[in-house]
Amino acid sequence: QVQLVESGGDLVQPGGSLRLSCSASGFTFSSYAMHWYRQAPGKERELIAFISSMSISTNYADSVKGRFTISRDDAKSTAYLQMNMLKPEDTAVYYCRAEKAVPYQSYWGQGIQVTVSS
């Protein structure tokens with residue numbers, strides 16, 4: 001059974017930090033690229049970070065570049081999103097997604113709430 005489970009969401013003050021985890025099971029995690037998305041109330045889901053298989057490359061949305069860092073530990077089948085210098089506009093439900101190109105496969109986590117507020 002394929003599962004992606006996010007954890008680490010919380011209420012944090014502006015300027016604070018959080019680390020989200022995305023734990024995978026039921027598939028060969030190391031063969032998949034990993035993505036983090038977020039969706040704020042009333043807004044479309046936004047791709048914010050990407051890491052390729054074997055951590056060869058990463059990419060970030062401009063809105064989080066320089067503040068967020070994506071990483072992965074293939075031995076633990078887990079992807080991470082380190083979020084620093086959090087702003088109120090980072091408040092959203094955060095989702096991870098695993099993707100493999102050939103053959104195409106894509107799996108989503110259930111999402112986790114991050115709230116940035118004083």
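Everything that follows concerns the structure shown earlier in this document.
Below or above, wherever it landed, is the structure these notes cover. Just so you know, these numbers come straight off a predicted model, no measurement behind them.

### Describing the pairing of strand E3 (residues 18-25)
Step number 1: Bridge count for strand E1 (residues 3-7) against E3 is 5 bridges, and the pairing is antiparallel. Paired with Leu4 across the two strands is Ala24, which belongs to E3.
Step number 2: Relative to strand E8 (residues 78-83), E3 runs antiparallel, the two sharing 6 bridges. Within E8, the position partnered with Leu20 by the bridge is Leu81.

### Thoughts on the pattern of salt bridges
Step number 1: In this structure the tally under the stated criterion is 6 salt bridges.
Step number 2: Each of the salt bridges in this network shares a partner with another, and the network as a whole consists of Arg38, Glu46, Arg67 and Asp90.

### What to know about the environment of Ser71
Step number 1: Topologically, Ser71 is positioned in strand E7 (residues 68-73).
Step number 2: Separated by 53 residues in the primary sequence, Ser71 and Leu18 place their C-alpha atoms 14 Å from one another.
Step number 3: In this view, Ser71 contacts Ile51, Ala79 and Tyr80; residues no more than four positions away in its chain are not counted.

Calculation criteria
Residues numbered from 1 in each chain as written. Predicted model: local features only at pLDDT ≥ 70, side-chain atom pairs only at ≥ 80, totals over all residues. Heavy atoms only, no water. Pairing = 2+ DSSP bridges. Helix = DSSP H or I, 4+ residues; strand = E, 2+ residues; numbered from the N terminus. Salt bridge = Lys/Arg side-chain N within 4 Å of Asp/Glu carboxyl O. Contact = heavy atoms within 4.5 Å.

Distances and angles like these do not, on their own, reveal function.
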